[in-house]
Structures are given as structure tokens and as C-alpha cells.
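Take a look at the letters that make up each chain.
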Amino acid sequence: MTRPRRLEALDDSPEAVRRRTPVRRLWYAAYGSNMHLDRLTAYLAGGRPAGGLRSYPGCRDPRGPARMAPVMLPGLLYFATTSEVWTGGRAFYDPDATPTRGGELPSRAYLLTLSQFSDIAAQEMYREPGEDLDLTEAVTRGRARIGPGRYETLVCAGLLDGYPVLTFTAPWSSRDITMNAPSAAYLRHIAAGLVASHGWSARRAAAYLAGCPGADGHWTAPEIAALLAGPP
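Source: prediction; values computed, not measured.

Student: Residue-level account of the domain arrangement of the chain, with values.
Tutor: Split into domains, the chain comes out as domain 1 (5-77 + 87-174) and domain 2 (178-231). Here the C-alpha centre of domain 2 lies 21 Å away from the C-alpha centre of domain 1. With 26 residues of domain 1 at the contact, the number on the domain 2 side is 20 residues. Together, the buried faces of domain 1 and domain 2 total about 1,600 Å²; carbon and sulfur atoms form 67% of this surface. When the buried surface of domain 1 facing domain 2 is broken down by residue, Leu77, Gly89 and Pro106 rank first, second and third, together holding 30% of it. At the boundary of domain 1 with domain 2, the tally comes to 0 salt bridges. Viewed at the interface, domain 2 and domain 1 are joined by 3 residue pairs in polar contact (both at pLDDT 80 or more). If you list the elements that add at least two residues to the side of domain 1 that touches domain 2, you get β2 (68-74), β3 (76-80), β4 (90-94) and β5 (104-113). The biggest single contributor to the side of domain 1 that touches domain 2 is β5, with 5 residues. Taken together, the residues of the side of domain 1 that touches domain 2 sort by class into 13 nonpolar, 9 polar and 4 charged.

Printed below as a string of C-alpha cells:
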């Protein structure tokens, strides 16, 4: 098992904010299918991920991540709405979940440029990439809503090696949305990403995902583990 990196808390003092803005490089904390590097590569270089129903144009900068690191985010992973790419529920992050609803969420952080992160965010919303996001509010206050869409709420969970750690999620809470079970292809990518990035066994990754709201009650741990043993 790989020891996850622990994040530093955001310092919102004027001097600290001045040092880290404008943001040119950051860690993108992926918690869904983008934990699987092949899936992320479809966003970076373009293409269609295995099992997906959509092709992507790719980023202006198609290079791979400069670095990768396993990290833990405070909060909860859950599945809701319906994916046009995978069918079934999408993965969302609730950073405000209480300890009784979720403690920490395993994630894979990729060190990217601002343009790469911006283009990935655009493709998550089925838009053409090409415009850089202004991350000032997110890295100053820890949260920024850049639109009403399902992946247009930015969360800055902290710092790693001096760079901000950002991800995107929905504007709603996990308490305010109907859960929806994820598809087999989607779960396979997430589980494979957990195994690759955190060094978890297939059994541990499956048990974790089977306990997440949306998957809980629809998928068992043995069923999810079997997905990793089958063909991609």
C-alpha cells in the first residue's frame, strides 16, 4: 500500500495569497474515473476511454502530468445523476460531509498546468476547451462556483509542495440529491485507479466503493472486485 500525501492547510493571509496567485501550476485531485491514468489521457491527448461512449478533443497542452501523488480529501464520494459517457450514476465529491457520512476520500493528484486543468474542466461539461479559468477565488477562499453545472464548483482542499490542490464537483450537497448506481465500466475505472495510485488491493478498493452512497445496496464488494479481474 502506498502512503498517501497529506495536504497543508490553505493560508488565506494576504502575503500567502499573493505568493500563489495567479495560479500557473496546480494539482488536480481526481476522485472519479480520472483516477485511472488512461481515462485522464483521453482528456489530455484526446480520444475515447475504454468502455466510454464519448470521444474528447483533448487539451491545448496534451502532455502527461508532471507528477502524480495519492492524496486523501476530507469528505465523501457518492454517485448521482446519469452519465452520458458511462450510463449510470456519476461520481461526485461532498467536501462538507460530516464524519458520520464520510471521513476521507482517496484521490489521485496530478500536477498540471492551468490550461490543462481548465481544459479538463471544460470537457467534463461537454464544452470545447480553450479558455483558462480564474482560480483566484478558489485558492483564496477554498471554494468558487464558476457556473451552475454538475462539475462547475471548484474546491481547493489545501496545498501540496506549495501548489494548490483543486478538484471540481456539483453545487449541491449529497443530502439534497437522489443517488444513482454507477455502471460497471465506470466502477472498473475508479477501482483500477485506486489500486494503481494508492496501492490498494482489489478487495479493499471494491469494499470502499461498495460502501459509497449510490453504489451501496446496488453493488457488492465481490461484484466490484470481479470487474477488475475481467477484461477491460
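Having seen it, we continue.
Student: With reference to specific residues and values, describe the packing of helix α6 (residues 202-210) against helix α7 (residues 221-229).
Tutor: Contact geometry of α6 with α7 gives a least axis separation of 8 Å together with a crossing angle of 130 degrees. It follows that α6 is oblique to α7 by the angle criterion. Of the two possible hands of crossing, α6 and α7 adopt the one that is right-handed. Facing Ala202, Ala206, Ala207, Leu209 and Ala210 of α6, the residues of α7 in contact are Ala221, Ile224, Ala225 and Leu228. Residue classes in the contact of α6 with α7 are distributed as 9 nonpolar, no polar and no charged.

Reading the values: the criteria
Residues numbered from 1 in each chain as written. Predicted model: local features only at pLDDT ≥ 70, side-chain atom pairs only at ≥ 80, totals over all residues. Heavy atoms only, no water. Domains from an automatic or database assignment. Contact = heavy atoms within 4.5 Å. Buried area = accessible area lost by both parts, 1.4 Å probe. Salt bridge = Lys/Arg side-chain N within 4 Å of Asp/Glu carboxyl O. Polar contact = N/O pair within 3.5 Å; in protein donor to acceptor, adjacent residues only side chain to side chain. Helix = DSSP H or I, 4+ residues; strand = E, 2+ residues; numbered from the N terminus. Nonpolar A, V, L, I, M, F, W, Y, C, P; charged D, E, K, R; others polar. Axes fitted to C-alpha atoms, helices over the stretch in contact; angles between N-to-C directions. Parallel < 35°, antiparallel > 145°, perpendicular 65-115°, else oblique. Left-handed = near helix turned anticlockwise from the far one by under 90°.

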